[in-house]
Amino acid sequence: MNDAVITKARAMYGKRLSLSDYQALVSFSGVSEAAAFLKRHPGYNKALGSINEELIHRGHLEALIRREYYDEYARLCSNLFGGDKLFSDVYILSYEMELLLMAIRASDRRQGTEFADFKSEFIGRHSGLDFVKLMSAADHRALISELNGTIYYDILAPTLDLKEGHIDYILAERRLSSNYYKRLYLLMKKHLSPYSRSQVQKLFGTETDLNNLISMYRLRKYFGADTAEVGLNLIKPFYRLSDQVVLELMSVKTRDEVRAVLSKTAYKNLIPIGDTRYIEELCDRWLMSIARRTLHFSRSAPAVVFGYLLFKRIEIRNIKIVIESLRYGIDKDMVLPRLITEKG
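Throughout what follows, the structure given in this document is the object of discussion. (Residues numbered from 1 in each chain as written. Predicted model: local features only at pLDDT ≥ 70, side-chain atom pairs only at ≥ 80, totals over all residues. Heavy atoms only, no water.)

### Description of helix H13 (residues 169-191)
Reasoning step 1: With 23 residues, H13 should reach 33 Å at 1.5 Å per residue; the first-to-last C-alpha distance of 33 Å fits that figure.
Reasoning step 2: Restricting attention to buried positions, one finds in H13 the residues Ala172, Leu176, Ser177, Asn179, Tyr180, Tyr181, Leu184, Tyr185, Leu187 and Met188.
Reasoning step 3: Buried residues in H13 make contact with helix H6 (82-88), helix H7 (91-105), helix H12 (151-156), strand S2 (166-167) and helix H14 (194-223).
Reasoning step 4: A side-chain oxygen of the first residue of H13 lies 3.2 Å from the backbone nitrogen of Ile170; this N-cap is Asp168. (Helix = DSSP H or I, 4+ residues; strand = E, 2+ residues; numbered from the N terminus. Expected span 1.5 Å × (residues − 1). Buried < 20%, exposed > 50% of the residue type's maximum accessible area, 1.4 Å probe, protein only. Contact = heavy atoms within 4.5 Å. Polar contact = N/O pair within 3.5 Å; in protein donor to acceptor, adjacent residues only side chain to side chain.)

This is the structure in structure tokens:
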């Protein structure tokens, strides 16, 4: 039965945006035209079929697309069985993490509409959190209080400044991410077959390595953080980066220095000589390549599902870049090279 899930995920992948779709999107004059285009596209007509593209605003459009991402997860994973199903339920933690960060940002009540559009009914039924109460919390103290009795209380309570009454957002994001990956690896070891475990670990391990690389580079280059501070922001376990390589990466600042350190690793081709694209974009391109290979060749249902979700997440980032560019009138020739596509 899990083979049917692989077929379904590959069919969803077949509805992805093409390079010509992106070329059309960046050529529009405004968000309404882009929304109308996506509404007609087979990959997004389910999420956007009922919208009035003339009235929709950027935040509403992005929230609906993001909700569809989790609804697609639900449609795929609801058909898994056995250990594959038990492991795939870990993605509910990803949704909870995103909603909790939204709740922290929403203390001024400006994001209530975004939450209403983003809310996934399927995951809401399977989560132990009351998202309506969390999004309605009057302030950060009240938000922490609402989490009492859940696993997230001990994770987020230390991020609250008791004197000022504010949550340290960066610390909260780091602690939530650490919890997510810790639980993910525990469930991976417990529920997946050796083959599926290796396939899924390739996806999440690569993602963790590259997220750590981005974090190290940003903290060193833009904030001048020392090694100790950088180390506090890393997610473990590392996958294909040794402890020694990580120590070296924590001490360098320039692209050339990062490339030199990576030359001794599996990521030696990540930053081509002379390439001026942002490291974040290069990492997304690497992840897209891993996701595509998994979708095409893996025989593991969880790996194919999460490969598809990784690909979809990058596609949604592309759409957000396009929408922002249309909103601010950025020239299309500056936007298209920033998009992570199968041709670029």
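### Considering the packing of aromatic side chains
Reasoning step 1: For the structure on display, the rule yields 14 aromatic pairs.
Reasoning step 2: Plain terms: the ring middles of Tyr13 and Phe311 are 5.0 Å apart, the flat faces sit at 85° to each other, and that makes the pair edge-to-face. Here the residue Tyr13 occupies a position in helix H1 (residues 2-13), and Phe311 occupies one in helix H19 (residues 301-328), the gap between them amounting to 298 residues. For the pair formed by Tyr13 and Phe311, the shared burial category is buried.
Reasoning step 3: A centroid spacing of 5.6 Å and a plane angle of 75° characterise the contact between Phe87 and Phe306, whose relative ring orientation is edge-to-face. Taken together, the residues Phe87 in helix H6 and Phe306 in helix H19 connect sequence positions 219 residues apart.
Reasoning step 4: Each residue in the set Tyr69, Tyr70, Tyr73, Phe87, Tyr91, Tyr95, Phe131, Phe204 and Phe306 is aromatic and connected to the rest through ring pairs, giving one cluster.
Reasoning step 5: Here the basic side chain of Arg16 rests over the ring of Tyr13, its NZ or CZ set 3.9 Å away from the ring centre.
Reasoning step 6: In this arrangement the basic side chain of Lys312 is found over the ring face of Tyr44, its NZ or CZ atom lying 4.0 Å from the centre. (Phe/Tyr/Trp six-rings, centres within 6.5 Å; stacked < 30°, edge-to-face > 60°. Lys NZ or Arg CZ within 6 Å of the ring centre and 35° of its normal.)

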